[in-house]
Amino acid sequence: MDTQKITFSFVSPDGDRQDVTASPGETVMQVAYQHGIEGIAAECGGSMSCGTCHVVLDAAAFERLDAPTEGEIEMLDLVSSARQPTSRLSCQVKVSEGLAGASVHIPESQF
Amino acid sequence: MQTEIDAHNIPVGCPMHDAGARFRPFVHEGMYDLFAELRATVPIFYSPEIDYWVVTRREDVIAVLRDHERFSAVNATQPVTPWPPEMLQFLVDQGFTNESVQVACDPPRHTRVRSHVQGFLNPKRLQSYEAQVRDLVRGYVAAMQGKESVDLVDALTYELPARTAFLLLGVKDVDPRRVKAWTELRVKLMHGHPSREEQMAAADELLDFWRFSCDLFEQRKRAPQDDYPSFLLASRGGDDSKLTENEIKSLTFALLLAAHETTSNASANLLLELLRRPTDWQALVDDPTLIPNAVEEGLRYVSSVVAWRRQAKESVEVGGTALPAGTKFLLSLASAGRDEATFENGETFDIRRKNARAHVAFGNGIHFCMGAPIARMQMRMMLEELTAAFPAMTLMREQPIDIAGVLTFRGPTRLPVRLNG
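The rules we used
Residues numbered from 1 in each chain as written. Chains lettered and ligands numbered in written order. Predicted model: local features only at pLDDT ≥ 70, side-chain atom pairs only at ≥ 80, totals over all residues. UniProt positions renumbered as here; feature names shortened; annotations may be inferred. Contact = placed C-beta atoms within 7 Å. Nonpolar A, V, L, I, M, F, W, Y, C, P; charged D, E, K, R; others polar. Helix = DSSP H or I, 4+ residues; strand = E, 2+ residues; numbered from the N terminus. Buried ≥ 20, exposed ≤ 12 C-beta atoms within 10 Å, placed from the backbone. Pairing = 2+ DSSP bridges. Axes fitted to C-alpha atoms, helices over the stretch in contact; angles between N-to-C directions.

Looking at an unreviewed UniProt entry, chain B carries the name Cytochrome P450, with the source organism given as Sphingomonas pokkalii.

Chain A goes by 2Fe-2S ferredoxin-type domain-containing protein in an unreviewed UniProt entry, where it is assigned to Sphingomonas pokkalii. For the record of chain A, the UniProt heading Sequence similarities (unreviewed entry) holds the text "Belongs to the adrenodoxin/putidaredoxin family." Database annotation for chain A, UniProt heading Cofactor (unreviewed entry): "[2Fe-2S] cluster".

Engineer: How should I be thinking about the interface of chain A and chain B in this particular structure?
Structural biologist: With 12 residues of chain A in contact, the opposing surface of chain B contributes 14 residues. Here the side of chain A that touches chain B is built from residues that sort into 6 nonpolar, 5 polar and 1 charged.

Engineer: So what exactly am I meant to see when it comes to the environment of aspartate 19 of chain A here?
Structural biologist: Residue and element names in this part refer to chain A. If you trace the backbone, aspartate 19 turns up in strand 2 (residues 17-22). A count of 10 C-beta atoms within 10 Å places aspartate 19 in the exposed class. Each C-alpha atom of the pair aspartate 19 and phenylalanine 8 lies 5.7 Å from the other, and the pair is 11 residues apart in sequence. Not counting chain neighbours up to four residues away, the residues in contact with aspartate 19 comprise Thr7 and Ser9.

Engineer: Could you clarify how one ought to interpret the sheet that holds strand 4 (residues 149-151) of chain B in this entry?
Structural biologist: Each strand in a sheet pairs with its neighbour through backbone hydrogen bonds, running either in the same direction (parallel) or in the opposite one (antiparallel). All names here are of chain B. Spatially, 4-12-9 is the arrangement adopted by the 3 strands of the open sheet, whose pairing is antiparallel. Every interior strand has two partners, whereas the edge strands, strand 4 and strand 9 (394-395), have only one. Sheet analysis places strand 9 next to strand 12 (residues 416-418), joined by 2 bridges and oriented antiparallel. Following the sheet pairing, leucine 395 is matched in strand 12 by valine 417.

Engineer: I keep staring at the sheet that holds strand 4 (residues 87-89) of chain A and nothing clicks. Help me out?
Structural biologist: All names here are of chain A. On the basis of which strands lie adjacent, the open sheet formed by 5 strands has the order 2-1-5-3-4 and mixed pairing. The open sheet has two free edges, formed respectively by strand 2 and strand 4, since each of these has just one partner strand. Between one strand and the next, the sheet's axes are offset by a mean angle of 35°, whatever the strand orientation. Inspection of the sheet shows strand 1 (residues 6-11) paired to strand 5 (residues 103-105) by 3 bridges, in the parallel sense. Each residue of the ladder has a partner; that of serine 9, found in strand 5, is serine 103.

Given below as structure tokens:
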């Protein structure tokens, strides 16, 4: 049902913004795949094993969402583009109400 | 759930039976053509020669790789041709204590070990080798200058990845060809079909390779350096519950193979496809920014890892076929890489292909290749340096190209080229 859908935006390194609408429970990585968003490689398919689905959330959205797990925090130490205070692995961020209106920034490189 | 199929009772005349009879697991000639034909109608078939079920479609290959709960990796590097009991006993007696710690083990052990390994084999740390790898590539390319023709395997792709592996391991003053020879032997013992005599004769060499790995470990234990075994020793912190010493020896032994074997083959596969298509080579000469995608297309079109193995932990359904616990699967990464369901005109090599990177050459799921960043780096740099140094390079088409093949790996044994056209 449309009323349950959540809308948020991907922002490319150049600043281009693309709004997407997704269902709760999907991961941000899956949503990026479905919408052909460039710059989120996610090569391991969402197993928290490759560190190539790094995104940076806007601070307010980061605060609204559940905190990353210890495993995700460790992996974030190893991503290619510089880690930011609000960095997340998009395979670990589930679409929820907290993500409504969020800006999901894609880093320069995943490799 | 459907009724499970009995592998030994597939009716003659059934497409699945026909596929199993035609598939020759250790022969690479014609493999891509056969899979192109099978993918359309036969998503899975039984290969009696190896007692494995072969999976042909990308979607099914990825589904199995991602499902580590139901599909175990324990058979990933098991000898396809079992080792004779006398050989196993000899190895045990001589202190060969290599364990399956990473590529061929399951959670929770895999998770525990990977958490240590990841501290070293990760995109950021591997990037830090960029300047050193560039120097290595330039050294090999410089050594070709002044020659009319070379074999690119002999002159570059065979040794270079081993030298890069040595950087990670802190190995100095060792002939890379010594490690390459050991590696080839080990690959044949795991994924090939050696005779019993060959297996017995190889045992001593295998032991030497293991001891080389153990010596490296002992040296780093005495005097830590800035390298992989030293990092793992520090990460273990003397605590066996975190990581044992034998696990580190085994991880070092694993990297001494995994860090270069597939990159050597992948580089040679890529160069061969590019040189077979002079307009593609010229395109990279004219516009080097095309190189990273050409690397991905090479990995897609001819993966150096043509197949990988899994085993069902419970009753499963793969490609619409119900199979019992214990079933062994050979996932054709070669076939998956050309699957038209994902790759339009999948049988066409296209260096500008938009979704080339959707290949599965580095696997998928929790066992995704940790060395992928440095493998790509080397392939990219080889192309950058070769196209810059020898823009008119051509393949010597009159000379035969042999593909050395085992069950899982593929690469040309030689690549004769004229450096200046």
